[in-house]
Amino acid sequence: MVVCKCRKATKLYCFVHKVPVCGECICFPEHQVCVVRTYSEWVIDGDYDWPPKCCLCHSLIDEGRESQTVRLGCLRM
């Protein structure tokens, strides 16, 4: 476990900014198209593809004002 900047414990890690992110902070604009996986995955292998691709259609995910990219948070209660 690592601690997000909002002081919540998390297992998630932003590979691009190299910071821990919680389930709420991952939805902020600065992480909109970031590669986010677990911290342990980053320790083992910190490599990632840039720019990221959609896992379903394999198209590039772009960032910008015209972008329709949205990172969905977990809705589990």
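Residues numbered from 1 in each chain as written. Predicted model: local features only at pLDDT ≥ 70, side-chain atom pairs only at ≥ 80, totals over all residues. Heavy atoms only, no water.

Caption draft 1: Main features of the sheet that holds strand E3 (residues 12-14). If you walk across this open sheet you meet the 3 strands as E4-E3-E5, and the pairing is antiparallel. Edge positions in the sheet fall to strand E4 (19-20) and strand E5 (36-38), since each has one partner strand and no second. Bridge analysis of E3 against E4 gives 2 bridges, and the strand direction is antiparallel. Bridge pairing in E4 places tyrosine 13 opposite proline 20. (Pairing = 2+ DSSP bridges. Helix = DSSP H or I, 4+ residues; strand = E, 2+ residues; numbered from the N terminus.)

Caption draft 2: Layout of the environment of lysine 8. When you line up the elements, lysine 8 lands in the loop between strand E1 (2-3) and strand E2 (9-10). The partly exposed category is assigned to lysine 8, whose relative accessible area is 34%. Leaving out residues up to four positions away in the same chain, lysine 8 has contacts with Val2, Val3, Cys22 and Glu24. There is a polar contact of 2.7 Å between the side chain of lysine 8 and the side chain of glutamate 24. (Buried < 20%, exposed > 50% of the residue type's maximum accessible area, 1.4 Å probe, protein only. Contact = heavy atoms within 4.5 Å. Polar contact = N/O pair within 3.5 Å; in protein donor to acceptor, adjacent residues only side chain to side chain.)

Caption draft 3: Looking closely at the pattern of salt bridges. Tallied over the full model, the rule gives 2 salt bridges. Of the charged contacts in the structure, one is a salt bridge between glutamate 30 and lysine 5, with a shortest N-O distance of 3.3 Å. Of this pair, glutamate 30 sits in the loop between E4 and E5 while lysine 5 is found in the loop between E1 and E2, placing the two residues 25 residues apart along the sequence. Residue lysine 5 is classed as exposed on the basis of its relative accessible area, which comes to 61%. With a closest N to O distance of 2.7 Å, glutamate 24 and lysine 8 form a salt bridge. Taken together, the residues span a long stretch of sequence, with glutamate 24 in the loop between E4 and E5 and lysine 8 in the loop between E1 and E2 at a distance of 16 residues. (Salt bridge = Lys/Arg side-chain N within 4 Å of Asp/Glu carboxyl O.)

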